[in-house]
Amino acid sequence: MRVAMSQAEVGDNVLDHDPTVRELEERAAELLSAPAALWTPSGTMANLVALTVHLERGDRFLAPHGAHVLNNELGTAAWLAGGMPAPLDWDAGPGRVSPESVRSAADPPNRPYYALRTSLLCLENTHNAAGGTVTAPHEHARLAAAARGAGLRVHLDGARLWHAAVALDVPPGALTVGVDTVSACLSKGLGAPAGSVLASSVEFVERARRVRQMLGGGMRQAGVLAAAGLLALGRIDDLAKDHANAAALAAGLIELGWDVAEPETNIVLARVPDLRLTLDGLAKLGILATPMGGKVRFVLHRDVTTNDVTEAIYRIKTAG
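Residues numbered from 1 in each chain as written. Predicted model: local features only at pLDDT ≥ 70, side-chain atom pairs only at ≥ 80, totals over all residues. Heavy atoms only, no water.

1. With respect to the pattern of salt bridges
- Summed over all chains, the structure comprises 15 salt bridges.
- The closest approach of N and O atoms between Arg 96 and Glu 139, which form a salt bridge, is 3.6 Å. With a gap of 43 residues between them, Arg 96 in the loop between strand E3 (84-88) and helix H6 (99-105) and Glu 139 in helix H7 (residues 137-149) connect regions that are remote in the sequence.
- For Arg 96, a relative accessible area of 14% puts it in the buried group. (Salt bridge = Lys/Arg side-chain N within 4 Å of Asp/Glu carboxyl O. Helix = DSSP H or I, 4+ residues; strand = E, 2+ residues; numbered from the N terminus. Buried < 20%, exposed > 50% of the residue type's maximum accessible area, 1.4 Å probe, protein only.)

So this is what it looks like as structure tokens:
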């Protein structure tokens, strides 16, 4: 990947268009079944750009409880995009909401002028905080249809959309049906050092390019990073190994008596009696994990091998 970056053909991605960035954007748009795409330095910026274009200041937007745009982007959806977040309960399974809840949360036909105006539904696939849970194509299509019927636009935070596609054995575009915009990350499991894409219509992407510039995302020879992103997009099928390793880790922890939900993709969540004590103990064993929602969060990726998983389970077992 570093060799690809060093050999990248570059231009000025602010004044005209870096050729490697353009190639990446075209490839990403094709994979996501969208007319156009925009490279951004990070997934947080991709989501913020999308919300800034979608929302008028004071607009209310819906998102599943614990969504990244609600809990992990430092409030930029409200602070910079000007939106009023409204979390939806997981009434269709971990990380998932039902079409009924979308319709119920949307504006009534007789909404008074002084009430909040709901204009956007933000979905997330896979859902990070729920442990990388997947929304299947038919579920997604029903949610998008419910949003459309209620007069809402749809943004899909697909930071881990590649994981969902591999887990379901479907093309990524099968999971973007009915959305207005979709973001997708090039580093989550794929190995790029930076970068995400925001895909939509040609007109939306042109508006998004202006907002990206406002936020400081206009980079000159960004092709050095886009080259890594192009290589990453060729590694999507490799994510199946991460899913298998996550399943192996979960099985090993369950065998040791841990309270672990069976993972759907590459994230393993474990409920423990003392979160801080457990994280400190794991760190002493050379096993790095993070807290999420009061649980221990293990993430499997391309730099964690099957042997690493076996060794981690062994260390936990022998540590008592």
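After that view of the structure, there is still more to cover.
2. Structural notes on the packing of helix H3 (residues 43-54) against helix H9 (residues 202-214)
- Running from N to C, H3 and H9 cross one another at 115°; their axes reach a closest spacing of 9 Å. By the angle class used here, H3 and H9 are roughly perpendicular. Seen from above, H3 lies across H9 with right-handed handedness. Listed contacts from H9 to Met 45, Val 49, Ala 50, Thr 52, Val 53 and His 54 of H3 are Phe 204, Arg 207, Ala 208, Val 211 and Arg 212.
- By residue class, the composition of the contact of H3 with H9 is seven nonpolar, two polar and two charged. (Axes fitted to C-alpha atoms, helices over the stretch in contact; angles between N-to-C directions. Parallel < 35°, antiparallel > 145°, perpendicular 65-115°, else oblique. Left-handed = near helix turned anticlockwise from the far one by under 90°. Contact = heavy atoms within 4.5 Å. Nonpolar A, V, L, I, M, F, W, Y, C, P; charged D, E, K, R; others polar.)

3. A word on the pairing of strand E5 (residues 153-158)
- Summarising burial for E5: five of the six residues are buried, a large majority.
- For strand E4 (residues 118-124) and E5, the ladder comprises five bridges, and the chain directions are parallel. Counted as the bridge partner of Leu 120 is Arg 153 from E5.
- Two elements, E5 and strand E6 (residues 181-185), share four bridges in a ladder whose sense is parallel. Paired with Asp 157 across the strands is Ser 183, a residue of E6.
- Handedness of the crossover joining E5 and E6 through helix H8 (residues 161-168): right-handed. (Pairing = 2+ DSSP bridges. Right-handed = clockwise from strand over helix to strand, strands pointing away.)

4. Re H7
- Taking 1.5 Å per residue as the helical rise, H7 with its 13 residues ought to reach 18 Å, and the 18 Å between its terminal C-alpha atoms agrees with that figure.
- Those residues of H7 that sit buried are His 140, Leu 143, Ala 144, Ala 146 and Ala 147. Down the axis of H7, the smallest arc covering the buried residues is 160°, so these residues share one side. Relative to its buried face, H7 has exposed residues pointing more than 90 degrees away, namely His 138 and Gly 149.
- Looking at the buried side of H7, the elements it contacts are H6, E4 and E5.
- Phi for Gly 151, located one or two positions after H7, is positive at around 80°. (Expected span 1.5 Å × (residues − 1). Arc of directions from axis to C-beta.)

5. So, helix H2 (residues 19-31)
- Here H2 spans 19 Å end to end across 13 residues, near enough to the 18 Å set by a 1.5 Å rise per residue.
- Within H2, the full set of buried residues consists of Thr 20, Val 21, Leu 24, Glu 25, Ala 28, Ala 29 and Leu 31.
- Looking one or two residues past H2, Ser 33 carries a phi angle of roughly 55°, positive in sign.

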